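These are the residues of each chain, in order.
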Amino acid sequence: MTADKKSNGASRRAFLKGAVAAGGAVAGAGMARAAGEPDPLITEVQEWASGFGEGVDATPYGLPIRFEDDVVRRNVEWLTADTISSINFTPIHALDGTITPQGCAFERHHSGAIELKKEDYRLMINGLVDKPLVFTYADLERFPRENHVYFCECAANTGMEWAGAQLNGAQFTHGMIHNMEYSGVPLRTLLEEAGLDAAGDLADKWIYVEGADASSNGRSIPMDKALDDVLVAFKANGEALRKEHGYPVRLVVPGWEGNMWVKWLRRVEVMDAPVQSREETSKYTDTLADGTSRKWTWEMDAKSVVTSPSPQSPITHGPGPLVITGLAWSGRGAITRVDVTTDGGKNWTQARLAKDGESKALSRFYLEIDWDGSEMLLQSRAHDETGYVQPTKAQLREVRGENSIYHNNCIQTWWVKESGEAENVEVS
Ligand code: MTE
Ligand code: CO
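Residues numbered from 1 in each chain as written. Chains lettered and ligands numbered in written order. Predicted model: local features only at pLDDT ≥ 70, side-chain atom pairs only at ≥ 80, totals over all residues. Heavy atoms only, no water.

Asker: Explanation requested: the layout of surface pockets in the structure shown.
Answerer: Gaps left between atoms show up when a probe the size of a water molecule is rolled over them. Considered as a void within the structure, the largest pocket measures approximately 500 Å³ in volume. Taken together, 29 residues line the largest pocket, and the ones lying closest to its centre are Thr-80, Arg-108, Ala-156, Ile-405 and Tyr-406. Across the lining of the largest pocket, the residue classes tally to twelve nonpolar, twelve polar and five charged. (1 Å grid on protein atoms, 1.4 Å probe; cavity = no way out; pocket = protein on both sides within 12 Å on 5 of 7 lines; lining within 4 Å. Points joined across faces, edges and corners; volume = space filled by probe spheres on them. Nonpolar A, V, L, I, M, F, W, Y, C, P; charged D, E, K, R; others polar.)

Here is the structure:
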């Protein structure tokens, strides 16, 4: 291996206590046990076949079986001062497919997750509209609904990695993302209900959206996006939004940074200029090397990560068939291709997309290899339908410097060792 590896191992390992399953390769290259070897799990009558299981009344609303209790959201205690204004991370290293179950989808709150009943819910549309309106939850349910799958990525995802390899696990480096099927009413429908004639030329108009929680998390959105694909959503993956994701109603702003996806949505004001709120000036902007900041960086650039093998999902078998898998996404449209390298970027192989990329939604990729048991520098590289290619860390630093927190979409490297264990590193 000639590439240089850099890592900040010691500090990371300390906080990861317990988060990483005990890895280690098992001898033997086979994918299945040879027939004829005695195996008590095959030859003996098992306990679970000797009596009855639980009745159907045992679990009116099911949780994952207890053996899967490590597939949970995790937070990193030292990242934030308290859990009220904080973040936790989706266990992407342990999931497959693309849909994120709500129960383990990351949460980001600025003033905690509030409890708001449907009966107490109100959505006001005001400002430059023909007739200001207030909708109840029941009112919203009477408008024609749409269903769409979209990813929601916090702009701070991967934000700890700008200065060097930091957090040891895909959950922590890339887990501020979830991907759900939303059911809701297009915001366009509600704006048209209030009437936009009073707004005049819509080309230079904005909306300001805010939540009912103490932080209100207000954001300005240009009118053309508001009228394009923004959804006022009340269901995710078929069921009501969970409290932590904005029950009973949240805004879905496809492809744009998670901060704009206002939860507990209470107000949409039509305006002739952006508000320049805290969340779009001092926060969620990126300071460049010369001290100036990028403005209006709403769209999430194409990005990908290998979810397995990875530090929390080590290889637990010997050489031979190995499934490399991961996620790719773009705020500008569909993923068209993902490449994978096992040698730190010298040679790339096109991975297999589980299905055709869907616009502004996660894509799952697989690359099946015959692992020779030697160490690997694993990376993935996403391409989207605009022709954009995910940059290396060096390329990103060249244009963005190292002052940023947000919008880090660089290529991630896992150093997979002969033991099958993996570590977050940088290659140069
Ligand atoms: N909306 C309100 N009202 N309050 C908030 O704190 N956090 C924002 C956004 N919407 C927030 C909010 C941020 S920064 C992100 S990344 C997403 O919600 C996270 O959504 P989730 O908690 O459902 O994952
Ligand atoms: Co966020």
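Asker: I would appreciate a short explanation of helix α5 (residues 187-194) in the present structure.
Answerer: Think of an α-helix as 3.6 residues a turn; residues three or four steps apart then line up on the same face. Of the positions making up α5, those classed as buried are Leu-187, Leu-190, Leu-191 and Ala-194. All buried residues of α5 fall inside an arc of 100 degrees around its axis, so they share one side. (Buried < 20%, exposed > 50% of the residue type's maximum accessible area, 1.4 Å probe, protein only. Helix = DSSP H or I, 4+ residues; strand = E, 2+ residues; numbered from the N terminus. Arc of directions from axis to C-beta.)

Asker: Would you mind going over the site of ligand 1 with me for this structure?
Answerer: Among the 21 residues in the neighbourhood of ligand 1, the closest are listed as Phe-106, His-110, His-245, Arg-250 and Lys-263. A distance of 2.6 Å separates an oxygen atom of ligand 1 from a polar atom in the backbone of Phe-106. One of the side-chain N or O atoms of Asn-217 is found 3.4 Å from a nitrogen atom in ligand 1. For ligand 1, the accessible surface in isolation is 530 Å², of which the surrounding protein chains cover 100%. Cavity membership is defined here by more than half of the atoms lying within 2 Å of grid points; on that basis ligand 1 lies in the largest cavity. For the shell around ligand 1, the residue count by class is six nonpolar, nine polar and six charged. (Near = heavy atom within 4 Å. Polar contact = N/O pair within 3.5 Å; in protein donor to acceptor, adjacent residues only side chain to side chain. Areas by Shrake-Rupley, 256 points an atom, 1.4 Å probe, with all protein chains shown as cover. Sits in = over half its atoms within 2 Å of the grid points.)

Asker: Mind showing me how you'd approach the side chain of His-407 here?
Answerer: For His-407, the location among the structural elements is in the loop between α7 (393-400) and β21 (413-416). Taking relative accessible area as the criterion, His-407 reaches 6% and is therefore assigned buried.

Asker: Please explain the environment of Met-376 as it appears in this structure.
Answerer: Within the secondary structure, Met-376 sits in strand β20 (residues 376-384). The sequence separation of Met-376 and Glu-141 amounts to 235 residues, and the corresponding C-alpha distance is 52 Å. Leave out the neighbours within four places in its chain, and Met-376 touches Ile-315, Leu-322, Thr-342, Ile-369, Trp-371, Trp-414, Trp-415 and Val-416. (Contact = heavy atoms within 4.5 Å.)

Asker: I would appreciate a short explanation of the sheet that holds strand β4 (residues 122-127) in the present structure.
Answerer: Strands sit in the order β5-β4-β13-β8-β9 across an open sheet of five strands; the sheet is mixed. In this open sheet, the two edge strands, each paired with only one partner strand, are β5 (133-136) and β9 (219-222). On average, each strand axis in the sheet is inclined to that of its neighbour by 20 degrees, with strand direction left out of account. As paired elements, strand β8 (residues 206-211) and β9 share four bridges and run antiparallel to each other. In the strand pairing of β9, Val-209 is matched with Arg-219. (Pairing = 2+ DSSP bridges. Axes fitted to C-alpha atoms, helices over the stretch in contact; angles between N-to-C directions.)

Asker: Is there a simple way to explain α7 in this structure?
Answerer: All of the buried residues along α7 are Lys-393, Leu-396, Arg-397 and Arg-400. Taken down its axis, α7 places every buried residue within 100 degrees of arc, on the same side. Seen from the open side of α7, the exposed residues pointing more than 90 degrees away from its buried face are Glu-398 and Val-399. Its buried side turned inward, α7 meets β22 (422-427). Just past α7, the residue Gly-401 takes up positive phi, approximately 70 degrees.

Asker: What is the right way to look at the UniProt feature "domain: Moybdenum cofactor oxidoreductase dimerisation" (unreviewed entry) in the protein chain in this model?
Answerer: The UniProt record annotates "domain: Moybdenum cofactor oxidoreductase dimerisation" (unreviewed entry) at residues 294-412. Overall, residues 294-412 shows 7% helix and 38% strand. The separation of its end C-alpha atoms is 23 Å. (UniProt positions renumbered as here; feature names shortened; annotations may be inferred.)

Asker: What is the right way to read the nonpolar core from this model?
Answerer: Among soluble globular proteins, nonpolar side chains are generally buried collectively. Core analysis: the biggest nonpolar cluster contains 60 residues, and Leu-191, Ile-207 and Leu-265 have the highest contact counts within it. Tallying contributions element by element places strand β10 (residues 231-236) first for this core, with five residues. In this structure, Ile-207 is in contact with Leu-187, Leu-191, Arg-219, Ser-220, Ile-221, Met-223, Ala-226, Val-268, Glu-269 and Val-270, ignoring residues within four places of it in sequence. Residues Met-300, Ile-335, Val-338 and Val-340 belong to the second largest nonpolar core, which totals 27 residues. (Core = buried A, V, L, I, M, F, W, Y, C linked by side-chain atoms within 4.5 Å.)

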